[in-house]
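An overview of the molecular structure
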Amino acid sequence: ADLEYAEEQHNMGVCLFNGRGVSQDHTFAAAMFARAAEQQHPDSTHMLAACFQNGMGVPRDKAKALELYRRAAAMGVEEAHVKVQVFEDRATRETEISQLGQRLENIKDGFIQLQLERSATEEVTH
């Protein structure tokens, strides 16, 4: 296969990723997906995003995965739209949890301060 063509690069990546007809090699698969994605191949862009999300053949990089999922979604890959929504929902929940954690810390600090003030007042009055 002439690997200069995005579709052939994508197909080679799928074979390598799944070990279909060749030895499974996620690193080489990710490289094939990257080459095809550079040529705006939607499915390769989506597969490369999954590689980055799961650390398969490339270092795990959630930010890069989200960027690639967004790019694939813009190219019409429906599953990529779902992945973008999941990433954004998770980020929203993580932000909300972080904010709740900060509020809890503030309440705890206020409670401790109140207890200290009460103790100081009781010592003065006794």
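The rules we used
Residues numbered from 1 in each chain as written. Predicted model: local features only at pLDDT ≥ 70, side-chain atom pairs only at ≥ 80, totals over all residues. Heavy atoms only, no water. Helix = DSSP H or I, 4+ residues; strand = E, 2+ residues; numbered from the N terminus. Rg over C-alpha atoms; globule rule 2.2 N^0.38 Å. Buried < 20%, exposed > 50% of the residue type's maximum accessible area, 1.4 Å probe, protein only. Contact = heavy atoms within 4.5 Å. Core = buried A, V, L, I, M, F, W, Y, C linked by side-chain atoms within 4.5 Å. Patch = residues over 30% accessible without salt bridge, like charges linked within 9 Å, V, L, I, M, F, W, Y side chains within 5 Å. Areas by Shrake-Rupley, 256 points an atom, 1.4 Å probe, with all protein chains shown as cover. Salt bridge = Lys/Arg side-chain N within 4 Å of Asp/Glu carboxyl O. Expected span 1.5 Å × (residues − 1).

Helix and strand content of the chain: five helices and zero strands. Relative to the globule expectation of 14 Å for 126 residues, the C-alpha radius of gyration of the chain, 25 Å, shows a markedly less compact shape. Projected onto its principal axes, the C-alpha positions of the chain cover 90 × 30 × 20 Å. For the chain, buried positions account for 27% of its 126 residues. Taking the contacts inside the chain whose residues are at least 6 apart along the sequence as the reference set, 38% of them involve residues at least 24 apart.

Right, let's get into the nonpolar core. Judged by nonpolar contacts, the single largest core of 24 residues is most densely connected at Phe 33, Leu 48, Cys 51, Phe 52, Tyr 69 and Ala 80. Of all the secondary structure elements, the ones that give two or more residues to this core are helix H1 (6–18), helix H2 (26–38), helix H3 (42–54), helix H4 (62–74) and helix H5 (78–125). Ranked by the residues each element gives to this core, the list is headed by H4, at six residues. If near-sequence neighbours (up to four positions away) are discounted, Phe 33 is found in contact with His 10, Gly 13, Val 14, Phe 17, Ser 44, Met 47, Leu 48 and Cys 51.

All right, on to a nonpolar patch on the surface then. A surface patch of nonpolar side chains, about 310 Å² in accessible area, is lined by Phe 111, Ile 112 and Leu 116. Topologically, Phe 111 is positioned in helix H5. Judged by its relative accessible area of 49%, Phe 111 falls in the partly exposed class.

As for its position among the elements, His 10 is in helix H1. Here His 10 falls in the buried class, since its relative accessible area comes to 8%. Leave out the neighbours within four places in its chain, and His 10 touches Phe 33, Ala 36, His 41, Asp 43, Ser 44 and Met 47.

Moving on to H5. Helix length check: H5 (48 residues) gives 70 Å between terminal C-alpha atoms against 70 Å at 1.5 Å per residue, within 8%. Every buried residue belonging to H5 is among Ala 80, Val 84 and Phe 87, and all of these are buried. Where H5 is buried, its residues meet H3 and H4.

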